[in-house]
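# Inside the fold
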Amino acid sequence: MNSDDVMVKIGSLTKSFGHIKALDNMNLDIKKGELLGIIGPNGAGKTTAIRIICCILQPNSGEVMVGGYSIYNDQIKIKSMIGYLPEEPNLYERFKARNLLKYFGELYGVPKNQLDGRIDELLELVGMSERAEDRINTFSKGLRQRIGIARALIHDPELIIFDEPTMGLDPATSRTVRNFIKELKGDKTVILCTHYMDEADLLCDRVAILNQGRIRDIGTPKTLKEQVHGDIILKVKVHQPQKIDTNRITALNSVEALNLEGNQFLISLNTREDISTIIDVFGSQAYSVNTKEPTLDDVFIQSV
Ligand SMILES: Nc1ncnc2c1ncn2[C@@H]1O[C@H](COP(=O)(O)OP(=O)(O)OP(=O)(O)O)[C@@H](O)[C@H]1O
Ligand SMILES: [Mg+2]
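The present account deals with the structure reproduced in this document. Just so it is clear, the model here is predicted, and its values are computed rather than measured.

### Quick notes on the packing of helix α3 (residues 97-107) against helix α5 (residues 141-153)
Packing of α3 against α5 brings their axes to within 9 Å, and their N-to-C directions diverge by 25 degrees. Put simply, α3 runs roughly parallel to α5. The two elements α3 and α5 cross, and the hand of that crossing is right-handed. On α5, the residues touching A97, L100, L101 and F104 of α3 are I147, A150 and R151.

### Quick notes on the site of ligand 1
Surveying the vicinity of ligand 1 reveals the residues F17, I20, A22, G40, N42, G43, A44, G45, K46, T47 and T48. The set of elements that each furnish at least two residues to the shell around ligand 1 consists of β2 (20-31) and α1 (46-53). Top element by residues in the shell around ligand 1 is α1. It accounts for 3 residues. Taken together, the residues of the shell around ligand 1 break down into 4 nonpolar, 6 polar and 1 charged.

### Focus: the sheet that holds strand β8 (residues 189-193)
Sheet architecture is open: 6 strands sit in the order β6-β7-β8-β3-β9-β10, paired in mixed fashion. Both outer strands of the open sheet, β6 (82-85) and β10 (214-219), are each paired with one neighbouring strand and no more. Within the sheet, the average angular offset between the axes of one strand and its neighbour, ignoring direction, is 15 degrees. Across 4 bridges, the pairing between strand β3 (residues 35-39) and β8 is parallel. Bridging from a neighbouring strand, L36 pairs with I191 of β8.

### Describing the nonpolar core
The biggest cluster of nonpolar side chains holds 66 residues, and the ones touching the most others in it are I53, V64, A150, I161 and L192. There are two domains that each give this core at least three residues, and those are domain 1 (3-226) and domain 2 (232-303). In this structure, L234, V236, F265 and I278 belong to the second largest nonpolar core, which totals 8 residues.

Reading the values: rules and limits
Residues numbered from 1 in each chain as written. Chains lettered and ligands numbered in written order. Predicted model: local features only at pLDDT ≥ 70, side-chain atom pairs only at ≥ 80, totals over all residues. Axes fitted to C-alpha atoms, helices over the stretch in contact; angles between N-to-C directions. Helix = DSSP H or I, 4+ residues; strand = E, 2+ residues; numbered from the N terminus. Parallel < 35°, antiparallel > 145°, perpendicular 65-115°, else oblique. Left-handed = near helix turned anticlockwise from the far one by under 90°. Contact = placed C-beta atoms within 7 Å. Near = placed C-beta within 6 Å. Nonpolar A, V, L, I, M, F, W, Y, C, P; charged D, E, K, R; others polar. Pairing = 2+ DSSP bridges. Core = buried A, V, L, I, M, F, W, Y, C linked by C-beta atoms within 7 Å. Buried ≥ 20, exposed ≤ 12 C-beta atoms within 10 Å, placed from the backbone. Domains from an automatic or database assignment.

Geometric values such as these leave the question of function open.
Following this line, the structure appears as structure tokens:
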């Protein structure tokens, strides 16, 4: 990757908390304009890595460069480039929504003549225009999350980092939040930590799998799913399983395994090339046929 195309460069990053190694020689390049997902089990090191990128936490060793600036020398510059939505946004409870955004806008040096317009635009974006004059402590979890997102975007940062943005939100609010994130795509560089594999699949250009402080795998959702063993499962329900000549199926090149559960055959395939041949073998015995493609859940379970 050309260094001009890299927004975040993480090299040999290590961080311990006492005897716990949260990050263990982590390496990762995040491209400008990409939406990168980080997935991994609880305690994998996701939040630790993010906090180091945001200059909130110092590593033990290794380097992180953000837009060409080092976390050791250019913390103020880096902080001004990043919008961060923490796992649990700590919002000033007694502020009214608009005043909170004003406070952070001034803190980040948003020009005074642009600030009010920017706040209106963001409140609109997160669907909170009607609640602008209400205090944060009167908001539900989802409404706080929306204000947290607006706060992260107030200074129009180049790099936006969301740490589990839809955790604990209802399906409709989750969809709204995912739509905001989708709209940022291309224009901004986005890092998204999530436990929701469908969210990662839907939104991310690439997904990195972090486990025990190291990147174990990285790729587009499509390439990661293609690596899962037994790529495709063909499910065929038949009237009389004993009438099927299964040897004709298991002899085919693409067939990795064949199992029978009740009156349903489950056939693992590594390519789609023999599907029509297989269906011919079942002939009129088959009354239901469908395929299951691997999901990022399968990738996650296989990798960690
Ligand atoms: N301030 C801290 N003090 C001590 N240990 C910590 C601290 N922060 C993180 N850890 C430990 O470091 C490891 C990585 O934690 P981290 O919060 O980065 O994980 P995560 O991948 O974000 O997990 P989750 O999915 O649960 O949010 C864990 O074992 C955690 O307990
Ligand atoms: Mg975390």
